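Observations on chain architecture
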Amino acid sequence: MTAIVPILRDALTLPRKPRAEGPRDLVGLTREEMRDALVAAGTPENLARMRVGQIWQWIYHKGARDFDAMSNLSRDYRAQLAGTFAISRPEVVARQVSADGTRKYLLRIDGGSEVEAVYIPETDRGTLCISSQVGCTLTCSFCHTGTQRLVRNLTAGEIVGQILAARDDLAEWGKAPTDKRLISNIVLMGMGEPLYNFEAVRDAMRITMDNEGLSLSRRRITLSTSGVVPEIARVGSEIGCLLAISFHATTDAVRDQLVPINRKWNIAALLDACRAYPRLSNSERITFEYVMLKGINDSDADARRLVKLIAGIPAKINLIPFNPWPGAPYERSDPERIEAFATIVNRAGYASPVRTPRGEDIMAACGQLKSASERARRARAEARPGA
Ligand code: SAH
Ligand code: SF4
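Heads up: these notes are all about the structure in this document. What you see is a predicted model; the values in this text were computed from it and never measured.

Observations regarding the site of ligand 2
Taken together, Cys 136, Leu 138, Cys 140, Cys 143, Gly 146, Gly 192 and Ser 226 make up the full set of residues near ligand 2. Across the shell around ligand 2, the residue classes tally to four nonpolar, three polar and no charged.

So, the nonpolar core
Phe 142 and Phe 288 are the most contacted members of the largest nonpolar core, which has 102 residues in total. For this core, the element with the most residues is helix H4 (residues 156-170), which contributes eight residues. Here this core gathers at least three residues from each of two domains, domain 1 (28-86) and domain 2 (91-378). When residues no more than four places from it in sequence are discounted, the contact partners of Phe 142 are His 248, Leu 258, Val 259, Val 291, Leu 293, Phe 322, Trp 325 and Tyr 330.

As for the packing of aromatic side chains
If you walk through the whole model with that rule in mind, you get four aromatic pairs. Aromatic pair Trp 56 and Tyr 60: ring centres 5.5 Å apart, planes at 80 degrees, arrangement edge-to-face. Here Tyr 60 and Trp 56 lie together in helix H2 (residues 45-61), a separation of four residues that amounts to about one turn. Here the two residues Trp 56 and Tyr 60 agree in accessibility, since each one is buried. Between Phe 322 and Tyr 330, the ring centres sit 6.2 Å apart and the planes meet at 80 degrees, which makes this aromatic pair edge-to-face. Overall, the relative accessible area of 1% leaves Phe 322 in the buried class. Under the relative-accessibility criterion, Tyr 330 is labelled buried at 18%.

Re empty space enclosed by the protein
By the definition in use, this model includes two cavities of 30 Å³ or more. A volume near 50 Å³ is recorded for the second largest cavity. If you go around the second largest cavity, the residues you meet are Arg 218, Gly 240, Cys 241, Leu 242, Leu 243, Tyr 277, Pro 278, Arg 279, Leu 280, Glu 284 and Arg 285. Tallied by class, residues from the lining of the second largest cavity come to six nonpolar, one polar and four charged.

Here we look at the site of ligand 1
Not every one of the 20 residues close to ligand 1 is listed here, only the nearest: Phe 142, Gly 192, Ser 224, Ser 246 and His 248. Between an oxygen atom of ligand 1 and a side-chain N or O atom of His 248, the distance comes to 2.6 Å. One nitrogen or oxygen atom from the main chain of Asn 323 is found 2.9 Å from a nitrogen atom belonging to ligand 1. Protein coverage of the free-state accessible area of ligand 1, which is 520 Å², stands at 95%.

Structural notes on the packing of helix H1 (residues 31-40) against H2
Running from N to C, H1 and H2 cross one another at 125 degrees; their axes reach a closest spacing of 9 Å. The angle between the axes of H1 and H2 places the two elements in the oblique class. Read as a crossing pair, H1 and H2 show a hand that is right-handed. On H2, the residues touching Arg 31, Met 34, Arg 35, Leu 38 and Val 39 of H1 are Glu 45, Ala 48, Arg 49, Arg 51, Val 52, Ile 55 and Trp 56. Classifying every residue of the contact of H1 with H2 gives seven nonpolar, no polar and five charged.

Quick look at helix H5 (residues 198-209)
Taking 1.5 Å per residue as the helical rise, H5 with its 12 residues ought to reach 16 Å, and the 16 Å between its terminal C-alpha atoms agrees with that figure. Among the 12 residues of H5, nine are classified as buried, and the element is accordingly described as predominantly covered. Of all the residues in H5, the buried ones are Phe 198, Ala 200, Val 201, Arg 202, Asp 203, Ala 204, Met 205, Ile 207 and Thr 208. Residues of H5 that are buried sit in contact with H2, H4, strand S9 (185-188), strand S10 (221-225) and helix H6 (229-239).

Focus on the pattern of salt bridges
Should the charged atoms of two oppositely charged side chains come close, the side chains can pair. Applying the stated criterion across every chain yields a total of 27 salt bridges. Among the salt bridges present, the one from Lys 104 reaches Glu 116, with a minimum N-O distance of 3.5 Å. With Lys 104 in strand S4 (residues 103-108) and Glu 116 in strand S5 (residues 114-121), the pair connects residues that are 12 residues apart, well separated along the chain. On the accessibility criterion, Lys 104 (4% relative accessible area) is buried. Arg 218 is paired through a salt bridge with Glu 284; the nearest N and O atoms lie 2.9 Å apart. Of this pair, Arg 218 sits in the loop between H5 and S10 while Glu 284 sits in the loop between helix H8 (267-275) and strand S12 (286-292), and the two are 66 residues apart along the sequence.

Criteria and cut-off values
- The residue numbering used here restarts from 1 in each chain and proceeds along that chain's sequence as written.
- Chain labels run from A onward and ligand labels from 1 onward, assigned in the order the entries are written.
- Whole-chain, interface and lining totals are the exception, using all residues; otherwise, since this is a predicted model, local features are given only for residues with pLDDT of at least 70 and side-chain atom pairs are given and counted only at 80 or more.
- Water and hydrogen atoms were dropped before computing side-chain values, which therefore reflect all heavy atoms in the structure.
- Proximity criterion: a residue is near a molecule or strand once any of its heavy atoms comes within 4 Å of it.
- Each residue gets one label: Ala, Val, Leu, Ile, Met, Phe, Trp, Tyr, Cys and Pro are nonpolar, Asp, Glu, Lys and Arg are charged, and the others, such as Gly, are polar.
- Here, nonpolar core means buried Ala, Val, Leu, Ile, Met, Phe, Trp, Tyr and Cys residues that are tied together by side-chain atoms lying within 4.5 Å of each other.
- Only protein chains enter the area calculation, which uses a 1.4 Å probe; residues under 20% of their type maximum are buried, those over 50% are exposed, and those in between are partly exposed.
- Helix numbering and strand numbering both begin at the N terminus, where a helix is a DSSP run of H or I of at least 4 residues and a strand a DSSP run of E of at least 2.
- Boundaries of every domain are those given by an automatic assignment or by a domain database.
- Two residues qualify as a contact provided that any one of their heavy atoms is within 4.5 Å of a heavy atom in the partner residue.
- To pair, rings of Phe, Tyr and Trp, with the six-membered ring standing in for Trp, must have centres within 6.5 Å; the planes then decide the type, stacked if under 30 degrees apart, edge-to-face if over 60, and tilted in the middle.
- Only protein atoms enter the 1 Å grid used here. Points where a 1.4 Å probe fits but cannot escape make up a cavity, open sets with protein on both sides within 12 Å along at least five of seven lines make up a pocket, and a residue lines them when an atom lies within 4 Å of a point.
- Grid points are joined across faces, edges and corners, and a volume is the space filled by probe spheres set on the points.
- Each polar contact in these results corresponds to two N or O atoms within 3.5 Å; when the atoms are within protein, one needs to be able to donate a hydrogen and the other to accept it, and residues that are neighboring in sequence are counted only if both atoms are side-chain atoms.
- The method behind every accessible area is Shrake-Rupley, applied with a 1.4 Å probe, and residues are considered shielded solely by the protein chains displayed.
- Lines fitted to C-alpha atoms define the axes here, with helix axes fitted over just the stretch in contact, and angles between the N-to-C directions of these axes take values from 0 to 180 degrees.
- Angle categories: roughly parallel below 35 degrees, roughly antiparallel above 145, roughly perpendicular from 65 to 115, and oblique for all the rest.
- For a crossing to be left-handed, the near helix must be turned anticlockwise from the far one by less than a right angle; the clockwise case is right-handed.
- Every helix has an expected span of 1.5 Å times one less than the residues it contains.
- Here, a salt bridge means any side-chain nitrogen of Lys or Arg that lies within 4 Å of a carboxyl oxygen of Asp or Glu.

Right, here's the structure in full:
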């Protein structure tokens, strides 16, 4: 008896961002798009490329939020830009700081939807986890985001805007490229399936990697996918960042239940795409994420199957103790079980760090993200059955 699960609500039918009224936002435009927009607004063609570089540096190096600050542009030109364009950010609606220093931002984007981004400080790095969609069309059974009904793709500006908003909050502007960064790493592991919004994610990451953009190395960006196999090669060729795979099971029967996209592209197809990923080496390994669910996928036999399946792929296995959420149908594996699983993986030659849940007290941990408005909507619906 297999229920017909809405595995793939067609990404193409997602509501688009409502057409913005007013000035066009420059945040998130590719170099070419911004060049064309500047020319259309009267910038001489022979100067447009240089102007893009100048404006990018103001927006992405210095955090400028209006054109007045752009002191290397003439007063007249600044006024002309201000009349045509905007430099905007998602609005920070709420900011929570966990006892462990993790910061969770609830951000409101055009049209009133909300997404979350999470900043995780560690001793050797600071990672910002960003979202690629409002909600997610996929329905992984252990993931809170997957239960959210409202879904729309974020624009490139809204994706890069999450980084700008976090930098505002951390007062991280105007640093030299060699200075230590508070936000040194980006992970696309927030809400949404990044490979169902490929172009916007790609454009946002190109701005993130560009020297006149946010100047982060491609090796400091990790994109996590649940396994949209046909798009994986493009991550390598069009972005070039590191890849993480939400693997979570070692048989198709179990993965079909946990990660329903597996019914479309199974474990063998997924691993073929991983083997073909460019530049794989010991310094550029694929991260296999594996959520530890008590009694479901955490046996010694699972651990042994896992290392057999990924044999030959430069990889590390990130074991994620399940983060519970209200009504979740699973429990977290016991620490001893996680330890035993990790030991088997480790003995087979793979690093197997156990991801310490961060920001649990503020529901900021993996898979717990869900917009406050959506929580409120459900709470209301549950309080009034049939409403
Ligand atoms: N949609 C993408 C990226 C976002 S999910 C993907 O699925 O890869 C980021 C990671 O958190 C994924 O590995 C996901 O499987 C994991 N995750 C989701 N819910 C979780 C939960 N409740 N506990 C622990 N990890 C979870
Ligand atoms: Fe979507 Fe990833 Fe959650 Fe699955 S784990 S429902 S793909 S966000």
